[in-house]
Amino acid sequence: MGSLKSFIKAVRKSKTIADERAVVMKESASIRTSFRDAKLDQTTRRINISKLLYLYIMGEKTHFGQVECIKLLASPRFADKRLGYMATMLLLDENQEVLTLLTNSLDNDMQHPNAFIVGLALCCLGNIASPELARDLYTNVDKIITTNNLYLKKKACIVAAKLIEKDPDLSEIFMPKVPQLISDKSPGVLLGALRLIQALYFASPEHRENLIKTIPKIVGHLKRVASSGYIPDYDVLGISDPFLQVSLLTTIRILAVDENCPPKYLEEINDILTQVASNIESGKNAAHAILYECVKTIFAIQSDQSLKILGVNLLGKFLSTKDNNTRYVALDTLLTVINIEPLAVQRHRTTIVNCLSDGDISIRRRALELSFAILNEQNIRVLVREILLFLENCRDNELKPYISSQLTTAANKFAPNEKWHFDTLIRMLKLSGNFITPDIISNILALIMQCNDLELKKHVVGRLLSLCLEDSTQYGLSLITVWCLGEYVDLILDGNVEVNGKQVPVTDKLILKLIDELINNSTYSDQETVHLVTYILTAIIKLSIKFKNPDSIEKLRLILNSRAYDNNLEIQIRAAEYQEIFAQDTQLKKGLLARMPAPKIKARESLSLQNTNTHRTKPAGHSHNDAGVPSSTNDLLDLLDDNNDASNVSNNHQPISNNDLLSDLFAGPSNPTQSQASSHAKSSNNGSILDLFDSPSAAQSPVQSNFELAQSSAQLINAFSNSNIAISFLPKSFPQNGQATMEAHIKSNSPSSSIEQFQLLIAVPKTQKLSISSTSGGDTLVNGSDIKQVLKIVGKQGSKVKLRVKAKYILNGETVEDLFDFAGFSSTL
């Protein structure tokens, strides 16, 4: 068997993957054979372990050498122990069963007279400690903390912090050591003590009050280090011990955000933060690390207004540096503080906008997100101009849907006037190419329909037609143009539009030429083509009552007829239906094909580039949490105290609207892999204009969190009751074999009101499966009537039945939703 060096040379000489695999397999087999030798000496074992580490780096299997690594630790030689501990830390983790064999070696080595061997054992324990190892060896760590060896003291503090994270009960052992450790002025011991304080704070809430009392000492250390002169061993590019300063600031931030932190401590912290932020000159990474931690602390605690402005100015300095990492950190941090100090961030608008043209895509993305965050009524003209310029030159297609969505939201909110608003959206349509999402198209169409200024509407339709004639390959632009021509072509007929710098008269022939070009365009995907053709067919039937020339009307009819035999069923059906309308009397068609009424516009929420694939609109009446997820989703998925997932959702009615019941239940897109529906209505993929309409706001009724469980003679269990409805469950069959059958009874509590379109939607934990029957008694509740539904649940035998129920109904013309939990069945599956 050769050395590690010869093994590496053999691998590197391999010309093909097959040759490399052959060398690796041969050496691996040789190592296995060697390990089986009962008389294997430590030198050969060390060579084998070093080869094993090289195999681990290459991604090969190394589990067969785990025990040999532990055997190598028994050697008295330092070289053997060093390699053995390194291999143990790499090849093992806290979940390995052989880890229990390590306890004796660690125990012996932590009591070794050689400090460096003790250090190796501490490093290994800190890296792969399991809760069992932590409980077995904490006494050794406790003894080492009290030694005078600063090298070991620092390591022992850091390992103690790791052990506390594994077993929080050990906080009682190490907490008494904190006052002495934090009083030590040695940089190494202080680093370890600070790490121990952080671990104690998070693992042991009962000790937080005592930990907060260490703040004055920590602030004192920070003052001392920040004002100290040149220290040869701890100086980094002229900055005195940046690692210790960062750790001190981090610990101050953790302790100062506690609600029990006294105001006098906060004053001291404000003073030292001002001193640190003012005295350190930026320009070097070590200084940037301290200033960044300082800024994070400023915005985390209750700091002075002037200090917050200073923090934003520091981030502004970061933006002006040449280092990409520093600029990225500045942009990312500014995104988090924009809501705290918006005016201070606005002062750096020019620098932020300049970052949009940076060569680094990560910086461009962050700058783009920050540009949208600082948009307001005063700067929208300037910033939108820059963002549109960025969109025009953007080669990252993933960004275009985000930009178009955010531009639509910002323009809706801050547009100075309607003309600017429409011009901006139209230019965005031109620049976004085929990356406009359907909800944006719906939003723009709704805005056009709501416009009451005929001259402005004429300008908008003319501008859309002009751009579409110049470039008919833009999907979003073509779709909106076709729709607007069908509705409002009479506003621009016999007028002029500018195409490529020339005035062109708008005639029937021009419109027909554009329709012919769009309907035969081969640049779109199949789905886009189907969607566009359906819009064109709708436009054709509407144009049939607006064109005056019989030849033009006949051409419209021929186009319609040609699509009656289309391969796509949706197009074929639509064309056949429109043919029937086309043949009707003109007066009848005028009434039938009148302009659509203006719908409500859905409120939109801002997106984040952290998750650009998830797009949500925000209907009125639905509250959202900080993460942008509807709170009803969290309520429904957080099913009682069980798994945070509801895999089975059932409903009992075909909805009247086109909205998916599951989408309505979860206030967002349903995931078919996580939920099942017994029946729901599917909206057409062609996205009719009905999608423009906002759902009525749900009047939330008070939900009983602690409902009463009463059992009548009929064994009905009352689950929920308010002034409108009462819901009870009747357990019918609980055979204790993993199955259960029950019956839901719904009654009206409002004698004077009629409850219509009642829907009962139920979620269960993902370990269970629910099927729900159709209702008996219709979907209308009046005084004295009731609705019954049979529920069948299948799951793990012995598990408890837990339901999250959502009742949705229309009361006096308003949609009402009631959400409650129920786990009142005495029997289990």
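Located above this text is the structure these notes cover.
Along each chain, residues carry numbers from 1 onward, in the same order as the chain's sequence is written. Residue-level local features of this predicted model are given only where pLDDT is at least 70; pairs of side-chain atoms are given and counted only at 80 or more, and the full residue set underlies all totals for whole chains, interfaces and linings. Side-chain numbers here rest on the full set of heavy atoms in the structure, without hydrogens or water.

(A) Molecular detail of the pairing of strand 12 (residues 786-795). A pair of strands is labelled paired if DSSP reports no fewer than 2 bridges between them. Strands are runs of DSSP state E lasting at least 2 residues, helices are runs of H or I lasting at least 4, and numbering of each runs from the N terminus. With 9 bridges joining them, strand 9 (residues 739-748) and strand 12 adopt antiparallel strand pairing. Residue pairing for strand 12: M742 is matched across the bridge by L791. Looking at chain direction, strand 11 (residues 768-772) and strand 12 are connected through 5 bridges and run antiparallel. What sits directly across from I772, in strand 12, is L791.

(B) Representation of the packing of helix 24 (residues 399-414) against helix 25 (residues 418-431). Helix axes are fitted to C-alpha atoms over the stretch in contact, other axes to C-alpha atoms as well, and angles between N-to-C directions run from 0 to 180 degrees. For the pair helix 24 and helix 25, interaxial distance at closest approach is 10 Å and the crossing angle is 175°. Between helix 24 and helix 25, the angle is such that the two are roughly antiparallel. Along the contact surface, helix 24 presents K400, S404, L407, T408, A411 and N412, while helix 25 presents W420, H421, L425, M428 and L431. For this classification, the nonpolar set comprises Ala, Val, Leu, Ile, Met, Phe, Trp, Tyr, Cys and Pro, the charged set comprises Asp, Glu, Lys and Arg, and every other residue, Gly included, is treated as polar. Residue composition of the contact of helix 24 with helix 25, by class: 6 nonpolar, 4 polar and 1 charged. Note that the term roughly parallel is reserved for angles under 35 degrees, roughly antiparallel for angles over 145, roughly perpendicular for angles of 65 to 115, and oblique for everything else. Contact criterion: two residues are considered in contact whenever any of their non-hydrogen atoms come within 4.5 Å of each other.

(C) Region of the structure containing the nonpolar core. By size, the foremost hydrophobic cluster in this structure holds 206 residues, and its most contacted members are L106, L125, V141 and I403. The element that contributes the greatest number of residues to this core is helix 28 (residues 475-492), accounting for 12 residues. When residues no more than four places from it in sequence are discounted, the contact partners of I403 are L368, F372, I387, F390 and L391. Core analysis: the next-biggest nonpolar cluster, separate from the first, contains 33 residues, I755, L760, V764 and V805 among them. Among buried residues, those of type Ala, Val, Leu, Ile, Met, Phe, Trp, Tyr and Cys that are joined through side-chain atoms within 4.5 Å constitute a nonpolar core. For each residue, the accessible area found with a 1.4 Å probe, counting protein chains only, is set against the maximum for its type, and the residue is called buried under 20%, exposed over 50%, and partly exposed in between.

(D) Structural context of the sheet that holds strand 9. On the basis of which strands lie adjacent, the open sheet formed by 5 strands has the order 7-8-9-12-11 and antiparallel pairing. Strands at the two margins of the open sheet, each flanked by one partner only, are strand 7 (717-721) and strand 11. Taking the axes of each pair of neighbouring strands and ignoring which way they run, one obtains an average angle of 25° across the sheet.

(E) Structural detail: the pattern of salt bridges. By convention in these notes, a salt bridge is any Lys or Arg side-chain nitrogen within 4 Å of a carboxyl oxygen on Asp or Glu. A full pass over the atoms with the stated rule returns 26 salt bridges. Among the ionic pairs, K71 bridges to E68, the shortest N-O distance being 3.5 Å. Of this pair, K71 and E68 both sit in helix 4 (residues 66-72), 3 residues apart, which is roughly one turn of the helix. For E68, a relative accessible area of 6% puts it in the buried group. Note that R804 is salt-bridged to D821, the shortest N-O span being 2.3 Å. Taken together, the positions of R804 in strand 13 (residues 803-811) and D821 in strand 14 (residues 814-822) put the pair 17 residues apart, joining distant regions of the chain. The exposure class assigned to R804 is buried, which follows from its relative accessible area of 7%. Shared partners join several salt bridges into a network, and the residues in it are R45, E68 and K71.

(F) Molecular detail of empty space enclosed by the protein. Grid points spaced at 1 Å and placed over the protein atoms alone form the basis of the search, with a cavity being a set where a 1.4 Å probe fits but cannot get out and a pocket an open set showing protein on both sides within 12 Å along at least five of seven lines. Lining residues have an atom within 4 Å of a point. Grid points are joined across faces, edges and corners, and a volume is the space filled by probe spheres set on the points. If you walk through the whole model with that rule in mind, you get 2 cavities of 30 Å³ or more. Computed from the structure, the largest cavity encloses a volume of approximately 40 Å³. The wall of the largest cavity is formed by I145, T146, K153, K177, Q180 and L181. Counted by class, the lining of the largest cavity contains 2 nonpolar, 2 polar and 2 charged residues. In terms of lining, the second largest cavity is formed by F422, L425, I426, L429, I444, I448, V460, L464 and I480. Sorting the residues of the lining of the second largest cavity by element identifies helix 25, helix 26 (438-450) and helix 27 (454-470) as the ones contributing at least two each.

(G) Broad picture of the side chain of D566. Relative to the elements of secondary structure, D566 occurs in the loop between helix 31 (550-562) and helix 32 (569-582). For D566, a relative accessible area of 16% translates into the label buried. A distance of 2.7 Å separates polar atoms of two side chains, one belonging to D566 and the other to R563. Excluding anything up to four places from it in sequence, D566 contacts I571 and Q572. The definition of a polar contact used here is a pair of N or O atoms within 3.5 Å, where within protein one atom must be able to donate a hydrogen and the other to accept one, and adjacent residues in sequence count solely through side-chain atom pairs.

(H) Quick peek at the packing of aromatic side chains. Note on aromatic contacts: the rings of Phe and Tyr and the six-membered ring of Trp form a pair at centre separations within 6.5 Å, being stacked when their planes are under 30 degrees apart, edge-to-face when over 60 apart, and tilted otherwise. This model, assessed by the stated rule, comprises 12 aromatic pairs. When the centroid spacing of 5.5 Å and the interplanar angle of 85° are considered together, the rings of F7 and Y54 count as edge-to-face. Linking F7 in helix 1 (residues 4-13) with Y54 in helix 3 (residues 42-57), this pair joins segments that are 47 residues apart in sequence. A residue is classified by how much of its surface remains accessible, and F7, at 3% relative accessible area, is buried. Overall, Y54 belongs to the buried group, its relative accessible area being 18%. Between the aromatic rings of F720 and F820, the centroid separation amounts to 4.8 Å while the plane-to-plane angle is 5°, which identifies the pairing as stacked. On the criterion of sequence distance, the pair formed by F720 in strand 7 and F820 in strand 14 is long-range, its members being 100 residues apart. Exposure remark for F820: the relative accessible area of 2% places this residue in the buried category. Against the face of Y201 rests R208, its NZ or CZ located 4.4 Å from the ring centre. Should the NZ of a Lys or the CZ of an Arg lie within 6 Å of a ring centre and within 35 degrees of the ring normal, that charge is described as sitting over the ring. Against the face of F582 rests K589, its NZ or CZ located 4.8 Å from the ring centre.

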